[in-house]
Amino acid sequence: MSSIPAPLLPETRRALVHRLATGQVAGRAPSVVAAVVRDGRPVWQGGWDTVDGQVPDDDVQYWRTPPG
């Protein structure tokens, strides 16, 4: 087994970005972050929309403010 995971195909990356966009809209979320991991290593990560004016990345933390 190779120690470096193979990169994703361009078509796969486009499909993942599309899924992020549609999932964000359908879930009515302000933004969304996702990753694909192979053999314990990230091979793709992406974000859709913005958080504080920036595209979200793996450092964004989401929380919900309790009502009241």
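Here the structure is a predicted model, which is why all the values come from computation and not from measurement.

Student: Pulling in residues and values, what's your account of the side chain of serine 31?
Tutor: Looking at where serine 31 falls in the secondary structure, it is placed in strand β1 (residues 31–38). Other than its neighbours up to four places away in sequence, serine 31 contacts Gln24, Trp48, Asp49, Thr50, Val51, Pro56 and Tyr62.

Student: I'd love a proper account of unusual backbone geometry, names of residues and values included.
Tutor: One non-glycine residue, arginine 28, lies in positive phi territory at about 50 degrees. Looking at the element boundaries, arginine 28 is found in the loop between α1 (10–26) and β1. Classification of arginine 28 as exposed rests on a relative accessible area of 77%. A positive phi is found at aspartate 39, a non-glycine position, where the angle reads about 50 degrees. With respect to the element layout, aspartate 39 can be found in the loop between β1 and β2 (41–49).

Student: Account for the side chain of glutamine 24, naming residues and giving values.
Tutor: Secondary-structure assignment places glutamine 24 in helix α1. There is a polar contact of 3.3 Å between the side chain of glutamine 24 and the side chain of aspartate 49.

Student: Quick rundown of the pattern of salt bridges? Include the residues and the values.
Tutor: According to the stated counting rule, one finds 1 salt bridge in the structure shown. Two residues, arginine 14 and glutamate 11, come together in a salt bridge whose shortest N-O distance is 4.0 Å. Of the two residues, arginine 14 and glutamate 11 both sit in helix α1, 3 residues apart, roughly one turn of that helix. A relative accessible area of 49% means that glutamate 11 is categorised as partly exposed.

Reading the values: rules and limits
- Residues numbered from 1 in each chain as written.
- Predicted model: local features only at pLDDT ≥ 70, side-chain atom pairs only at ≥ 80, totals over all residues.
- Heavy atoms only, no water.
- Helix = DSSP H or I, 4+ residues; strand = E, 2+ residues; numbered from the N terminus.
- Contact = heavy atoms within 4.5 Å.
- Buried < 20%, exposed > 50% of the residue type's maximum accessible area, 1.4 Å probe, protein only.
- Polar contact = N/O pair within 3.5 Å; in protein donor to acceptor, adjacent residues only side chain to side chain.
- Salt bridge = Lys/Arg side-chain N within 4 Å of Asp/Glu carboxyl O.

Read these as spatial facts, not as claims about activity.
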